[in-house]
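The primary structure of each chain is shown beneath.
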Amino acid sequence: MGSMRNPVGPLPSSIYWRRRAVLVSVVAVLALLVTWVVTSGGGGGGKNDADGSNGKNPTASITPGPSGSDPAISQAPGGRDESDDGSDDGSGGSAGSGDSDGSTAGGAGGSTSGGGSVDDGAGGGGSGDTLPAGSSLPDCTTGAVKLTLRSVNNAYAPGEKPTFELIARNSSGSDCKLDLGPKSAVLTITQADSDDEIWSSADCPTGAASILYRIPANDRVTHTIQWNRKSSAPECATPPAITATAGTYLVEAKAPGFTKTQTSFVLKKD
């Protein structure tokens, strides 16, 4: 113990005390380094574990693309949005219409029979408001209203009743009225390779012959007509024994004062 307090040697005691201070400092620095290595290595792993499955903030995992159980896109190609006006002209459209059931609200001017159960094939309805026969609303003119005709489907399977939409589009800023009844806006059907008329909406309608629609300003009204594949004859006479065979047919709509409009459709084979 005496040698610790009073260094023994040929050199002055102050030199030995300095050496001891340096040695203690080195040992202290090494101890600190060892402590830092242990805490930064082992302690870091514990922190990672705490942040994993047992921590409060689990690490987000990266999930690959959709699995086979994810829902697939259900929209079929070639579908048609009924709000689109682009496919009303020319040939028949490719998608069904919400009015194809032929139902319509009956106004004072009369209403058509809904659905396709009408024997003469003139089942139909409309999407607009009907008006009484004496309505003071001005008549629609060709400068304000354009008529277009489309087939709800391009082709119809055996037993399926062809359905058509007669669309009146008003480009003016005022409402007007237009008669889209079967004796005013007359639809006729012929085979594409023949001029013989098979069916006409004016031949023998069972519902109202005149149906006045309000055509709103800058809007359109759709009148739906369904054909039961049977032939017709004027004044409800006995129609010729014509069978609607498979093939291509033309359907034409003509209203007084308006340019005729037409489209085509196909009846498929059995």
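The coordinates are above.
These lines cover the structure that appears in this document, whether it is placed above or below. Here the structure is a predicted model, which is why all the values come from computation and not from measurement.

Time to look at the side chain of D203. Locating D203 in the fold gives a position in the loop between β8 (197-200) and β9 (212-215). One polar contact links D203 to S232, side chain to side chain, over a distance of 2.6 Å. Here D203 is in contact with E197, S232, A233, P234, E235 and C236, once residues within four sequence places are set aside.

So, about the environment of L149. Relative to the elements of secondary structure, L149 occurs in strand β3 (residues 145-151). For L149, a relative accessible area of 0% translates into the label buried. The sequence separation of L149 and L187 amounts to 38 residues, and the corresponding C-alpha distance is 9.7 Å.

Moving on, we come to the sheet that holds β9. If you walk across this open sheet you meet the 3 strands as β2-β9-β6, and the pairing is antiparallel. At either end of the open sheet lies a strand with only one pairing partner, and these are β2 (130-131) and β6 (176-179). Here β6 runs beside β9; their pairing, made up of 4 bridges, is antiparallel. Counted as the bridge partner of L178 is Y213 from β9.

Thresholds applied
- Residues numbered from 1 in each chain as written.
- Predicted model: local features only at pLDDT ≥ 70, side-chain atom pairs only at ≥ 80, totals over all residues.
- Heavy atoms only, no water.
- Helix = DSSP H or I, 4+ residues; strand = E, 2+ residues; numbered from the N terminus.
- Polar contact = N/O pair within 3.5 Å; in protein donor to acceptor, adjacent residues only side chain to side chain.
- Contact = heavy atoms within 4.5 Å.
- Buried < 20%, exposed > 50% of the residue type's maximum accessible area, 1.4 Å probe, protein only.
- Pairing = 2+ DSSP bridges.

Function cannot be read off these values alone, since they describe shape.
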